[in-house]
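Topology and contacts: notes
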Amino acid sequence: MTTSPETAAIGWIGTGVMGSSMCGHLIEGGYRTAVHSRTRTRAEPLLAKGAAWAESPAAVATEADVVFTMVGFPFDVRDVVLGSEGVLAGVRPGSVIVDMTTSEPSLAREIYDAARAKEVESIDAPVSGGDVGARNATLSIMVGGDAAALEHVRPLLELVGKTIVHQGPAGAGQHTKMVNQILIATGMIGVCEALLYAYRAGLDIETVLESVSGGAAGSWSLSNYAPRILKGDFEPGFFVEHFLKDMEIALEEARRMNLALPGLALAHELYLALRAQGSGRKGTQALILALARLSDVDWPVRSGT
């Protein structure tokens, strides 16, 4: 049985850069929604759309058929799901927990087991696409857990994402997100180094992008982040400090699997430098600031300068 506005009430925990937009799509889809975040003011736009406020994750879960979590770090996930006032303290048998945070595969499996002990389904469903994908409901969603649980909530996921793929058992969604982050980490180095090269060579960077964006060098990061970098726009579609967390999860998993990933390790070191320079709350495209500093280049660059 799948969900519909007539048959299901929704709970949502986490109203950050992406979570607020994603929850908004569910409300606009006609679902009765209760929300909770650490800071109520962050939830005010959703409350204005008709969501109800809940005082704790447990309170969110009490009346919800499907509870979504979209928070920052694995310790946040552990607290809002497994804590004394967490989702599992209030959830009803037959409900589904959907964790869309990028988190640890082992934690996804732990939540799956704890949920099953309460006759509750749990899937890990991290996303890719950043703030743009969240606003436009075009996210890619990578799902771990039971296929039947995915099908139960698929209509909800279709309101926030365009590509929804079942990757395997609990934790497989998180492992797939690590693959995604490894690709992005090394790709962002290439984007930023290429822009620095074009600048130092005296090229008009927008003209350069016309030539390279549609060819073999093209990528989502190049198309979406290079224009922001040229404008000096380092506002977060995805926070540097959250990306560091993701890379650290991937590096730990790689060590556990006896894998050497030197490209990922380099990206991690460069982003550590960026955070040390005070840019932990900037967007991941701010990597160019750390790389520019290595070559004594002033940034931002405006086209034509």
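Heads up: these notes are all about the structure in this document. Quantities reported herein were computed from a predicted structural model and do not represent experimental measurements.

Some thoughts on the side chain of Thr 69
Along the chain, the position of Thr 69 falls in strand β4 (residues 66–69). Filtering out sequence-adjacent residues up to four positions away, Thr 69 remains in contact with Ile 13, Val 80, Val 81, Val 87, Val 98, Asp 99, Met 100 and Thr 101.

Here's the deal with unusual backbone geometry
Despite not being glycine, Glu 119 shows a phi value in the positive range, around 60°. Tracing the backbone shows Glu 119 in the loop between α6 (105–117) and β6 (121–124).

Points about the pairing of strand β5 (residues 96–99)
Every second residue of β5 is oriented toward a common face, with Val 96 and Val 98 on one face and Ile 97 and Asp 99 on the other, all of them buried. Bridge analysis of β4 against β5 gives 4 bridges, and the strand direction is parallel. Bridging from a neighbouring strand, Val 67 pairs with Ile 97 of β5. When β5 meets β6, the two strands line up parallel, connected through 4 bridges. Looking at β6, one finds that Asp 99 is bridged to Asp 124. For the crossover from β5 across α6 to β6, the handedness is right-handed.

Regarding the environment of Ala 89
In this fold, Ala 89 is placed in helix α5 (residues 87–90). Counting along the chain gives 209 residues from Ala 89 to Asp 298, while the straight-line C-alpha distance between them is 52 Å.

Cut-offs and rules
Residues numbered from 1 in each chain as written. Predicted model: local features only at pLDDT ≥ 70, side-chain atom pairs only at ≥ 80, totals over all residues. Heavy atoms only, no water. Helix = DSSP H or I, 4+ residues; strand = E, 2+ residues; numbered from the N terminus. Contact = heavy atoms within 4.5 Å. Buried < 20%, exposed > 50% of the residue type's maximum accessible area, 1.4 Å probe, protein only. Pairing = 2+ DSSP bridges. Right-handed = clockwise from strand over helix to strand, strands pointing away.

Fair warning: the whole summary comes from geometry, so function is off the table for now.
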